[in-house]
Amino acid sequence: MDTTTTTITASATATGDPPTTSAQIYQRLRAHLAFLKMTAAAEALPQVLDAARDQQTSPLEAIEALLAVQVTATEHRQQASRLHFANLPAPWSIDDYDFSAQPGVDQALIRELATLRFLDDAANVLFIGPPGVGKTMLSICLARLAAQAGHKAYFTTCDDLIRRLRRAIAEQRLATGLRFFVQPRLLVIDEFGYRRLDEDGRSLLFEVINARYLKGSTITTSHVGINGWADRLGDPMLAAALIDRLLHRGIIVGIDGPSYRMRSHQARANALRAATTGPNTRAGS
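Residues numbered from 1 in each chain as written. Predicted model: local features only at pLDDT ≥ 70, side-chain atom pairs only at ≥ 80, totals over all residues. Heavy atoms only, no water.

To continue, consider unusual backbone geometry. Despite not being glycine, L214 shows a phi value in the positive range, around 65°. Tracing the sequence through the fold places L214 in the loop between α10 (199-212) and β4 (217-222). Positive phi, normally seen in glycine, also occurs at R249, with a value near 60°. Looking at the element boundaries, R249 is found in the loop between α12 (236-247) and β5 (250-254). Overall, R249 belongs to the partly exposed group, its relative accessible area being 41%. (Helix = DSSP H or I, 4+ residues; strand = E, 2+ residues; numbered from the N terminus. Buried < 20%, exposed > 50% of the residue type's maximum accessible area, 1.4 Å probe, protein only.)

The following block contains the structure:
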């Protein structure tokens, strides 16, 4: 009988109550863990108690080990929830980006952004470059890192953001719709300037950028240079105000290099060419 059980038994005897056994204490502890919804700790309880007995650890160490199991499980569950909320369209991580194949990207700058220190200043990141150079991939990687680090992140295209806000207006819940895009610590707006916006669209986009100004970080990707944003937005004054907010504490990442998609297409074409002009083909010709 361990010290804790001996103390409880002695106390029960002194008061005239029946002694409490180790089995009863164990069952009560499992019930407490179940009531507190500490499922992982309840499942690990037998192993933790066996280890404490075999290694002769103190009750304090056993409690810490049990809680550590629950904390780890809770962290994994919360991280999975944040990643699900983030709405990332691909499972890419920063290690998947081939810096050697894309000489147009500043690797040192990307590695610095991957530390997420820019979130502390509510700084913005603007990825600008031609299609296919990895702008979207890098924005997804940074959003994934943010979610894994415990931050609320969300990925959307510019078109989808405006579409959802238009629907919110139709359903008379614009404030709620705006709050959805304003609350995340990091918001990614992909394909910024891909299509020209009408008056309502550019007004809604500005509402989001303005509401997030100095409160949260926004990543935008665009194949249009900043000088062309006024044309895409259709309103030079609004474009200037939007650019002013994005560039204040903003980090511009220009990428000028070959397209990943075109390189992949070329690799497949080369493989097909090699297959059709291989030794067997030449022998039969």
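So that's the structure; there's more coming.
The buried fraction of strand β1 (residues 124-128) is high, at five of five residues. Going residue by residue along β1, you find N124, L126 and I128 tucked away on one face and V125 and F127 tucked away on the opposite face as well. Relative to β5, β1 runs parallel, the two being bridged by five bridges. Its bridge partner lying in β5, I128 is registered against G254. Note that β1 and β4 share four bridges and pair parallel. In the sheet register, V125 faces β4, and the bridge partner there is I219. (Pairing = 2+ DSSP bridges.)

On to the confidence of the model for the chain, then. The pLDDT averaged across the chain works out to 87; a share of 84% of its residues lies at or above 70. Between residues 1-14, whose pLDDT stays under 50, and residues either more than four places distant or in other chains, the model counts 12 contacts. This model gives residues 281-285 a pLDDT under 50, and the stretch forms three contacts once residues within four places in sequence are excluded. (pLDDT = per-residue confidence, 0-100. Contact = heavy atoms within 4.5 Å.)

Attention shifts here to the side chain of D159. Locating D159 in the fold gives a position in helix α8 (residues 158-170). D159 gets classed as buried once you look at its relative accessible area, which sits at 18%. Of the polar contacts made by the side chain of D159, one reaches the side chain of R195; its length is 2.2 Å. (Polar contact = N/O pair within 3.5 Å; in protein donor to acceptor, adjacent residues only side chain to side chain.)

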